[in-house]
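Coordinate analysis (summary)
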Amino acid sequence: MSDTNIDDGTATMAPTLGRDDRDGTFGGSTLDAIPTQFAVLDTDGTIVYTNDAWRDFARDNDYKEDPGMVGANYLDVCDQSATDDATDAATGIRGVLDDDRDTYSLEYPCHSPAAKRWFVMRASRFSHGDDDFVLVLHLDITGRKESEAAVEHRNRQLEQVNRVGRLVREVIGSLLDVSRREDIESIVCRELSTARFCRLAWVVDRSVTGHIRPRDGAGEDDLLEELAALTPETVEGTTVGEALDGQGPLVQRDRDDAVQRLAAATGCTAYLAVPLTYRGARYGTLVVHTAQPDAFGELERDAFAVLGNTLGYAINAVESRELLHGDYATELRLAVDDPHAPLATVARTVDATLEVTSSGVADDGLRVFVEAAGVDPETVVESLTAHDDVAHASVLGERGGRCRFSCVLTAGSPLLSVAQRGASNRNATIAAGEYELTVEAASTADVGDLVGQLQAEFDRVDLRAKKRVERESDSALAYWERLEARLTDRQLAILEASFDAGYFEWPRAADGGDLADSFDISAPTFHEHLRAGLGKVMSELFEGER
C-alpha cells in the first residue's frame, strides 16, 4: 500500500482517511483518545466513522481532501489503487463483509519521503442492533519491522564473520611447514579467492620506484597488470598505499580510489587492504576484493587483522630460519644517514665513533652492546637516557681505554629496523650521524623491500654493496676441538667437575670451597680458573657469531 498524498486527488488505500466533525459525546471522545487509526465501514464498504488518530495521520501526510472521508467508499479506494497490497486488502475486507471470514489482516509498507514505515491492517465484523459493520484498524509496526531488520542484518553479519573466521583459520592452518615466502603468499591468495565473498586476492609491496608490485594474486590477472601500471603518485592516494605504510586494516568502497575504480570494472564493490606486519616490520599488503555490498564489517576486519599479523609472523619466521640454517645468505653494506637516531645522537655528543659489538632482541626493542674509545662514561649514559627512543642504558665498564655500554633501542634506529625485518646486523659503526652497516639477510629475502623500508624511515639510505655469501658451517666436533685448544687442562677439568657436581644448578648442589679442596687448591684459585675457563667458552661461542 502507499500514501494518499497525490496531487490529482486520487486516493489510495493507505491509512490517511479522516472523519467528519461530531459532537463531543463521551463515546466519541473515548474513541478519539485511542492512538490507533481506525475506521468503521458499513456493509457496502462506506466509511461511517473514523477517529482523531486517522484524521491526524491524513493531515500529517498532506492529504488534499477532507481528512475525515466519512461517506467515501473504502473498497473503491482500494480498487482504484494499482498496488497488490490494496487489491489483497479489498478482497479480504469483502470476505469479512460477506461473512466468509470473521477477521482479516495484512502487513504492508507505507513509506513516506522522509521515513520508512510499515502497518498492519486488521478488519473484523461486528453488529450494532440490526446492522452489521466492519472495524478497520491500521497499526503502526515500524518499530517491530526495524527491530526484525536489525536482527536479520546482525545475523547476516555474524554468518559472514563466521565464514571469514573459518577461512582465516583454514588459511593459517595451511601455512604449517611452509618453507618459502612465495609459498605463503600463493597459499593465501588461492585460499581466499575460492571463498564465496571474495572475487580477487593479491599480495603486494611497493617497488623502489614507488609503484605497486604484485607479488602473487588469484582471480583477475588483467587487473593485477593494470594495478602495477598505476603511478607512484596515484598509489599514494589509495587505500592500498595507506596499508603499505602500515595503516589498517582499511576498507575502501569509494570509486574515486584508483584501485577500487579498476576493480569495479570486474564487478567488485569494495576491497580490504591488510598490512602484513610483525614487530614493526612490514612485509607488504594483502588486498581482498568483494562483490558483496555489506562485506568487511568491524568483526571481519578484526579477523583479517589477525591474518595479517599471522602472515607477517610466518614470513619473518621463514626468512629467519633461512638466515639461520641456509647454506647461503645475502650480505648488504649500507650507509644510513639520520642524525636524530639514538646512537647517532650519542656519537655526536661524545664526538667519537661507536662500534656495535653485538645485539639481540629484547622484550621492548633491540638490546645493543657498544664500545667507544676515549669517551666519558657519565656523558654516554646521560646522552642515552635523554633520548626518547632509548631504554635501560648502562655502562658496563672500560677495557683497553674503550668504554663499553649497553642500551635497549625502542624505535628510530636502523639497527632495530634491520632486526625487525628478520635480518642480522653483522657489523655496525656510527660516526657523525652516519651508520655504516653490514647486514646479512636470508638468500630468499626480498632485499629491495628491506632497503625500501629503511629509505622510508630514515633521511638517506645508500646501498653500497650486495653479494651472495656462503655460510660457514660449524659442527659440534669442530667447536669442541677449538675450545679444547684454548682451555688449559686445569681449566677444562675444573669446568667439567663443576658441571658434574651441580655447581651451576640453582640452588647449588656443590660449594666452590669443596670443589677447590678436591683439586687441592685454594678457593680463590679455583674461582680464578673457573672464570677464565667460562670466559673462553663464552668467547668461542659469541665471537664466532660476529
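All figures in this text were calculated on a predicted structure; none of them were measured in a lab.

1. Structural notes on the packing of helix 12 (residues 342-350) against helix 13 (residues 377-386)
Relative to each other, helix 12 and helix 13 sit at 145 degrees, their axes nearing to 9 Å. For the element pair helix 12 and helix 13, the recorded crossing hand is right-handed. Across the interface between the two elements, Leu343, Thr345, Val346, Thr349 and Val350 from helix 12 touch Thr379, Val380, Ser383 and Leu384 from helix 13. Among the residues making up the contact of helix 12 with helix 13, the classes are represented as five nonpolar, four polar and no charged.

2. Let's talk about the sheet that holds strand 17 (residues 434-442)
Pairing between sheet strands relies on hydrogen bonds along the backbone, with the strands arranged either parallel or antiparallel. With antiparallel pairing, the eight strands of this open sheet are ordered in space as 14-15-13-12-16-17-11-18. Across the chains shown, the open sheet's two edge strands, defined by having one partner strand only, are strand 14 (390-399) and strand 18 (460-470). Between one strand axis and the next, the sheet turns through 20 degrees on average, direction left out of account. Sitting on the sheet, helix 15 (residues 447-457) touches strand 11 (328-337), strand 17 and strand 18, and the angle it makes with strand 11 is about 15 degrees.

3. Here's the deal with the pairing of strand 7 (residues 212-218)
The sheet contact formed by strand 6 (residues 200-206) and strand 7 spans six bridges and is antiparallel. Note that in strand 7 the partner of Val204 across the bridge is Pro214. Hairpin geometry of strand 6 and strand 7 is characterised by an intervening segment of five residues between the two adjacent antiparallel strands and by a positive phi of about 95 degrees at Gly210.

4. Regarding the pattern of salt bridges
The tally for this structure, following the rule as stated, stands at 23 salt bridges. Here Arg181 makes a salt bridge to Glu185, at a shortest N to O gap of 2.8 Å. Note that Arg181 and Glu185 are positioned in helix 6 (residues 181-193) at a spacing of four residues, about one turn of the helix. Among the residues examined, Arg181 registers a relative accessible area of 3% and is labelled buried. The class for Glu185 is buried, based on a relative accessible area of 3%. Across the salt bridge formed by Arg213 and Asp205, the nearest N and O atoms sit 2.7 Å from each other. Using a relative accessible area of 30% as the deciding quantity, one classes Arg213 as partly exposed. Three or more residues are tied together by salt bridges with common partners; here these are Asp337, Glu434, Glu436, Arg460, Asp462 and Arg464.

5. Description of the nonpolar core
In this structure, Leu343, Leu354, Val368, Leu384, Leu415 and Tyr435 are the most contacted members of the largest nonpolar core, which totals 46 residues. Excluding its chain neighbours within four sequence positions, the residues that come into contact with Leu354 are Leu343, Val346, Ala347, Val370, Glu371, Ala372, Phe405, Ala428, Thr429 and Ile430. Formed by 30 residues, the second largest nonpolar core is a distinct cluster that contains Ile187, Phe197, Leu286 and Ala303.

6. What about the packing of aromatic side chains?
Applying the stated criterion across every chain, the model contains nine aromatic pairs. Aromatic side chains Phe126 and Phe133 sit 5.7 Å apart centroid to centroid with 25 degrees between the ring planes, which places their arrangement in the stacked category. Between Tyr278 and Tyr313, the ring centres sit 5.3 Å apart and the planes meet at 70 degrees, which makes this aromatic pair edge-to-face. Of the two residues, Tyr278 is situated in strand 9 (residues 270-278) and Tyr313 in helix 11 (residues 298-325); the sequence distance between them amounts to 35 residues. Three or more aromatic residues link up through ring pairs in this structure, and these residues are Phe57, Tyr108 and Phe119. It is Arg508 that lies over the ring of Tyr503; its NZ or CZ is 4.0 Å from the centre.

7. Description of unusual backbone geometry
A cis geometry characterises the amide bond from Trp506 onward to Pro507, with omega recorded as 0 degrees. One non-glycine residue, Asp99, adopts positive backbone phi at about 65 degrees. You can see Asp99 is positioned in the loop between helix 4 (84-97) and strand 3 (103-109). Positive phi outside glycine occurs at Asp351, with the angle close to 55 degrees. Counting through the fold element by element, Asp351 comes out in the loop between helix 12 and strand 12 (354-362).

Conventions adopted
- Residues numbered from 1 in each chain as written.
- Predicted model: local features only at pLDDT ≥ 70, side-chain atom pairs only at ≥ 80, totals over all residues.
- Heavy atoms only, no water.
- Axes fitted to C-alpha atoms, helices over the stretch in contact; angles between N-to-C directions.
- Helix = DSSP H or I, 4+ residues; strand = E, 2+ residues; numbered from the N terminus.
- Left-handed = near helix turned anticlockwise from the far one by under 90°.
- Contact = heavy atoms within 4.5 Å.
- Nonpolar A, V, L, I, M, F, W, Y, C, P; charged D, E, K, R; others polar.
- Pairing = 2+ DSSP bridges.
- Salt bridge = Lys/Arg side-chain N within 4 Å of Asp/Glu carboxyl O.
- Buried < 20%, exposed > 50% of the residue type's maximum accessible area, 1.4 Å probe, protein only.
- Core = buried A, V, L, I, M, F, W, Y, C linked by side-chain atoms within 4.5 Å.
- Phe/Tyr/Trp six-rings, centres within 6.5 Å; stacked < 30°, edge-to-face > 60°.
- Lys NZ or Arg CZ within 6 Å of the ring centre and 35° of its normal.

So, to be careful, I would describe these as geometric facts and stop short of saying anything about function.
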